[in-house]
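Chain residues, written in single-letter form:
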Amino acid sequence: MFNRFRNPIIHVHLKGYHFKWLDVTDIYRVGLPTIIMQAIGSIMTFVVNTILLDVSATAVAFFGIYYKLQNFLMMPINGLGQAAIPIVGYNYGDKNYQRVQQTWKVLLPTGAIIALCGTVIFWGFPGQLLQLFSASQEMLTLGIPALKIISVSFVMAAITILCGYFSSGLGNGIINMVGAAIRQLILLVPCLWIFIKISGLSHSWYAFWIAEIIACIYSYCMSHKLLKKITQL
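Note that this is a predicted model, so its numbers are computed, not measured.

Rules used in this analysis
- Residues numbered from 1 in each chain as written.
- Predicted model: local features only at pLDDT ≥ 70, side-chain atom pairs only at ≥ 80, totals over all residues.
- Heavy atoms only, no water.
- Salt bridge = Lys/Arg side-chain N within 4 Å of Asp/Glu carboxyl O.
- Helix = DSSP H or I, 4+ residues; strand = E, 2+ residues; numbered from the N terminus.
- Axes fitted to C-alpha atoms, helices over the stretch in contact; angles between N-to-C directions.
- Parallel < 35°, antiparallel > 145°, perpendicular 65-115°, else oblique.
- Left-handed = near helix turned anticlockwise from the far one by under 90°.
- Contact = heavy atoms within 4.5 Å.
- Nonpolar A, V, L, I, M, F, W, Y, C, P; charged D, E, K, R; others polar.
- Core = buried A, V, L, I, M, F, W, Y, C linked by side-chain atoms within 4.5 Å.
- Buried < 20%, exposed > 50% of the residue type's maximum accessible area, 1.4 Å probe, protein only.

Asks: Explain the pattern of salt bridges to me, please; I cannot follow it from the model alone.
Replies: Pairing between side chains of opposite charge can happen when the charged atoms of each approach one another. If you walk through the whole model with that rule in mind, you get two salt bridges. Arg 29 is paired through a salt bridge with Asp 26; the nearest N and O atoms lie 3.6 Å apart. Of the two residues, Arg 29 and Asp 26 are both situated in helix α2 (residues 21-53); the distance of three residues between them amounts to about one turn of the helix. Arg 183 is paired through a salt bridge with Glu 212; the nearest N and O atoms lie 3.0 Å apart. On the criterion of sequence distance, the pair formed by Arg 183 in helix α8 (residues 174-186) and Glu 212 in helix α11 (residues 207-231) is long-range, its members being 29 residues apart.

Asks: What's the story with the packing of helix α3 (residues 57-93) against helix α6 (residues 137-151) in this structure? I'm lost.
Replies: The relative placement of two packed helices comes down to the angle between their axes together with the axis-to-axis distance. Where α3 meets α6, the axes come as close as 10 Å, and the angle between the chain directions of the two elements is 45°. Comparing the axis directions of α3 and α6 gives the class oblique. Crossing hand, α3 versus α6: right-handed. Note on element contacts: α6 touches α3 through Glu 138, Met 139, Leu 142, Gly 143, Ala 146, Leu 147 and Ile 150, opposite Thr 58, Ala 59, Ala 61, Phe 62, Ile 65, Tyr 66 and Leu 69. Looking at the contact of α3 with α6 residue by residue, the class counts come to eleven nonpolar, two polar and one charged.

Asks: Help me understand the nonpolar core in this model?
Replies: The nonpolar side chains of a soluble globular protein tend to be buried, and buried together. With 59 residues, the main nonpolar core has Leu 52, Phe 62, Phe 63, Tyr 66, Phe 154, Phe 166 and Trp 205 as its most contacted residues. When contributions to this core are tallied by element, the ones reaching two or more residues are α2, α3, α4 (97-124), α5 (126-131), α6, α7 (154-169), α9 (188-199) and α11. No other element matches the 13 residues that α3 contributes to this core. Leaving out residues up to four positions away in the same chain, Trp 205 has contacts with Leu 52, Phe 62, Phe 63, Leu 142, Ala 146, Ile 149, Ile 150 and Leu 192.

Asks: Please explain unusual backbone geometry as it appears in this structure.
Replies: Note on backbone geometry: most residues besides glycine have negative phi, and most peptide bonds are trans. Look at Lys 95: it is not a glycine, yet its phi comes out positive at around 60°. Here Lys 95 lies in the loop between α3 and α4. A residue is classified by how much of its surface remains accessible, and Lys 95, at 61% relative accessible area, is exposed. Residue Ser 134 is not a glycine yet carries a positive backbone phi of 55°.

Here is the structure:
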């Protein structure tokens, strides 16, 4: 109604609309990798829980708590990335590449600062965070050092996520999908399993460092390469 009566520029009429497979292809070129990326998180949770169940039921419960806390932290980062997609996309379509570069320069430092604040909170108050879920003493013994270890990788995770959103705004959803696959499945799961077998549960959380570092390097390099390519057109 607002568009019909208050928008002086664009008036939409159904007459003359034609279905175009090319448009559908363009949508799914970005959308399909995002769909797969969303599924990766569920697969990762299932597989990691299966691995941890062989070690300790408390470890499974802890991972569930960590995942909830991590999702809460990543909400503003995901919101930042989703807000960047239309800004990047509209200005890319308008060939306003300077604006695209400005978005890149603002996006990553902002996300890194948010993630760093999360790391500080997880380091400073791990016990209090776990107590929000009525953690037992066994859970605190396992979870406090684990939260501290995992939280070191938050900044790298934020950069990976935001690079993925940025690339999606430029019409490339593959970088987003591959980055998510590396950090949540391809490297995290086997490294976690290997560390548990070699050095036990207490050292297994360093698998997050390996997965996040590699994913961050990949996502940043590929996104920066894509940005340089479009700005040189």
